[in-house]
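# Observations on chain architecture
Take a look at the letters that make up each chain.
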Amino acid sequence: MQGIVGWLDSLGLGEYASRFAENGVDLATLPDLTEQDFKELGVLLGHRRKLARAMAAMGDAPAPPPRPSSPHEPEGERRRLTVLFCDLVGSTSIAARLDAEDGAISSAAISTQLRRR
């Protein structure tokens, strides 16, 4: 545990050394800790941010611990998506000539005909 103690001391966070030691946290397990883990260890918010920056600065360590998602945020990653719209049947010009209600009626009629085939 001397490695984690020295690292915490170098950050000015030596006060957490005993908590980390009591919970078996060493330099090997440090990158696996989440925001919730740091909270459970009693690490203050500002100190959690300081630890996250220091962990990111470590050579082969992964990025800072992930922020916990709120119940309203979907899990997973977001990616940019490029969409190409190609109007092969001229529906854009038809929609421009019709008002919204007539366009909806026309679309419904076309969909009904296509489902029958």
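For clarity, every value in this text was computed on a predicted model and none was experimentally measured.

Definitions and cut-offs
Residues numbered from 1 in each chain as written. Predicted model: local features only at pLDDT ≥ 70, side-chain atom pairs only at ≥ 80, totals over all residues. Heavy atoms only, no water. Helix = DSSP H or I, 4+ residues; strand = E, 2+ residues; numbered from the N terminus. Buried < 20%, exposed > 50% of the residue type's maximum accessible area, 1.4 Å probe, protein only. Polar contact = N/O pair within 3.5 Å; in protein donor to acceptor, adjacent residues only side chain to side chain. Salt bridge = Lys/Arg side-chain N within 4 Å of Asp/Glu carboxyl O. pLDDT = per-residue confidence, 0-100.

A few words on the side chain of Glu 35. Note on placement: Glu 35 falls in helix α3 (residues 35-40). Given a relative accessible area of 5%, Glu 35 falls into the buried group. At a separation of 2.8 Å, a polar atom in the side chain of Glu 35 contacts the side chain of Arg 48. A polar contact is formed between the side chain of Glu 35 and the side chain of Arg 49, at a distance of 3.2 Å.

The next thing to look at is the pattern of salt bridges. Across all of its chains, the model carries two salt bridges by this definition. Across the pair Glu 35 and Arg 49 runs a salt bridge, and its minimum N-O distance is 3.2 Å. Placement of Glu 35 in helix α3 and of Arg 49 in helix α4 (residues 45-57) is noted, with a sequence separation of 14 residues between them.

Moving on: the confidence of the model for the protein chain. In the predicted model, the protein chain carries a mean pLDDT of 80, and 84% of its residues have values of at least 70. Considering each helix and strand of the protein chain separately, the mean pLDDT is smallest for helix α5 (residues 91-97), with a value of 78, and largest for helix α2 (residues 17-22), with 91.

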